[in-house]
Amino acid sequence: MRSLKTVILEEAQGEGFARPDVIAGFTVAVVALPLAVAFGVASEMGAAAGLVSAIVAGTIAALMGGSRFQVSGPTGAMTVVLLPIVHKVGIGGVLAAGFLAGALLVAAGLMKLGSHIHRLPVSLIEGFTAGIAIVIALQQVPLVWGLHDRGDHVFQVAWDSVTHASALVSASSIMAVVSAAILIVLRHRWTLWPKSLIVVAFATAGTAALGLDVPTVGDLPSNLFSFSTDFLSDFSTVAVIIPPAISIAVLAALESLLSAKVADKLKGDGSVHDSDKELVGQGLANLVTPLFGGVPATAALARTAVNVHAGARTRLAAVSHSVVLAVAVLLFASQVALIPIPALAGVLWATTAQMIKISELRAEANASHLDALILVMTLVLTVVLDLIVAVAVGTMLWLALRNRLTSGREPLVNDDETFGD
């Protein structure tokens, strides 16, 4: 296997490598810092787990993946999958499931399955993306109004948290709503400013200055990057680990390949990612990250887009993002500990608002009756049950569509529509 130094040097040849990539990496890191903390907290694995994932997985996936522009780490979609797993098998079980998911991804890449994943219909992708956004939004409700019950249904937990809250209007709820509102209103303005970081910084300073009674991230462990294989003992209950591992692997594959395809389009220089190599890279990242206690990772579309727009040319940009995050954590761990959790919930609410694109949902729903059915069913099943069931049912409906097309019936959807197009 080539050394990491060889990978970087080969990638850099003829690409004008160095300063533009370092600048792009710094820009992405500023955006990624509050999100890594937020997704770690939201998954109930902790801020440290989110940061470790962004740093470790971000580096490995950047070097070994199939795209020059991907930025990987914890994501909102992965949080949706992880939270019920944490409740069922604990953090050690999640680390074991993430490790097994990494092995599945590597196997999928070696078996050349990447190109086939691209064939999923757009209506299915839009449906589960919107469903994931809704689940992320609901998951923040207990963080803002208090967690009263760890039920299996996120909508029921959210409802119980609100109905049993001592007060609907509190410092926590005001901070979360205001943070989200600011980011939503300003999302198309001052695009070069790290608005999420600024909002979180002001919320942190305001909490300290006013002595607000809101939950905070808390102290990060001093041994943030400690190596451990203790979680491997959770493989003794492998029957419990396999289903969540499959969920993590499927989501990582879907989200990473979608992000890679979008990155190629955004760059616009003829760049084409290698789908199978990307699966292997994401798999290796998820094999290593649990060894340091990190959240299972996947490519992050928003951070990848920022990377491209910031001028990234090679893999060094994503690696630089991880280095900057590592330095920031080492130097400012005490400040990270003071970040109020409601502000992070507000950041994630704003993120979900950007994930749901009404115009695209309407276009897919109007494309055909079957597209509308796949869209609605995938969305509902993602919220009510889980992603794997949603994708399985949506795929079966799509196969029925393909059979209808090949039998000469009137087509219900454009056969050229593929995943991410």
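As the structure is a computational prediction, the values presented were derived from the model and not from experiment. (Residues numbered from 1 in each chain as written. Predicted model: local features only at pLDDT ≥ 70, side-chain atom pairs only at ≥ 80, totals over all residues. Heavy atoms only, no water.)

**Overview of the overall build of the protein chain**
- On a plain count of helices and strands, the protein chain comes out with 17 helices and 2 strands.
- By residue count, 53% of the 421 residues in the protein chain fall in the buried class.
- The contacts in the protein chain between residues at least 6 apart in sequence include a share of 83% that link residues at least 24 apart.
- Taken as a whole, the protein chain presents about 18,300 Å² of accessible surface, with 65% of it coming from carbon and sulfur. (Helix = DSSP H or I, 4+ residues; strand = E, 2+ residues; numbered from the N terminus. Buried < 20%, exposed > 50% of the residue type's maximum accessible area, 1.4 Å probe, protein only. Contact = heavy atoms within 4.5 Å. Areas by Shrake-Rupley, 256 points an atom, 1.4 Å probe, with all protein chains shown as cover.)

**Re the confidence of the model for the protein chain**
- For the protein chain, the average pLDDT comes to 81, and 87% of its residues sit at 70 or higher.
- Confidence, expressed as mean pLDDT per element, reaches its minimum in the protein chain at helix H1 (residues 4-12) with 51 and its maximum at helix H11 (residues 275-288) with 96.
- The model gives residues 408-421 a pLDDT under 50, and that stretch makes 40 contacts with residues more than four places away or in other chains. (pLDDT = per-residue confidence, 0-100.)

**Here's the deal with the packing of helix H10 (residues 238-267) against H11**
- Across the interface, H10 lies against H11 with an axial gap of 10 Å and an inter-helix angle of 130°. In terms of axis orientation, H10 runs oblique to H11. Once H10 is placed against H11, the crossing between them reads as right-handed. Along its contact with H10, which presents Ala253, Ser256 and Leu257, the element H11 presents Ser275, Glu278, Leu279 and Gln282.
- Of the residues assigned to the contact of H10 with H11, the class counts are 3 nonpolar, 3 polar and 1 charged. (Axes fitted to C-alpha atoms, helices over the stretch in contact; angles between N-to-C directions. Parallel < 35°, antiparallel > 145°, perpendicular 65-115°, else oblique. Left-handed = near helix turned anticlockwise from the far one by under 90°. Nonpolar A, V, L, I, M, F, W, Y, C, P; charged D, E, K, R; others polar.)

**Considering the packing of helix H2 (residues 19-42) against helix H9 (residues 195-210)**
- Packing of H2 against H9 brings their axes to within 8 Å, and their N-to-C directions diverge by 50°. The pairing of H2 with H9 is recorded here as oblique in orientation. For H2 against H9, the interelement crossing comes out left-handed. Along its contact with H2, which presents Val30, Leu33 and Pro34, the element H9 presents Ser196, Leu197 and Val200.
- A breakdown of the residues in the contact of H2 with H9 according to their chemical character gives 5 nonpolar, 1 polar and no charged.

**Considerations on a nonpolar patch on the surface**
- Among the surface-exposed residues, Phe225, Val323, Val327, Leu330, Leu331 and Phe332 lie close enough to one another that they form a single nonpolar patch of about 580 Å² accessible area.
- Positionally, valine 323 belongs in helix H13 (residues 316-337). (Patch = residues over 30% accessible without salt bridge, like charges linked within 9 Å, V, L, I, M, F, W, Y side chains within 5 Å. Salt bridge = Lys/Arg side-chain N within 4 Å of Asp/Glu carboxyl O.)

**Considering the packing of aromatic side chains**
- Summed over all chains, the structure comprises 3 aromatic pairs.
- Seen in terms of ring centroids, tryptophan 145 and tryptophan 349 are 6.4 Å apart; in terms of plane orientation they differ by 40°. Their pairing is tilted. Here tryptophan 145, found in helix H6 (residues 122-145), pairs with tryptophan 349, found in helix H14 (residues 341-355); they are 204 residues apart in sequence, far enough to count as distant. Taken individually, tryptophan 145 and tryptophan 349 each receive the classification buried, so the pair is uniform in this respect. (Phe/Tyr/Trp six-rings, centres within 6.5 Å; stacked < 30°, edge-to-face > 60°.)

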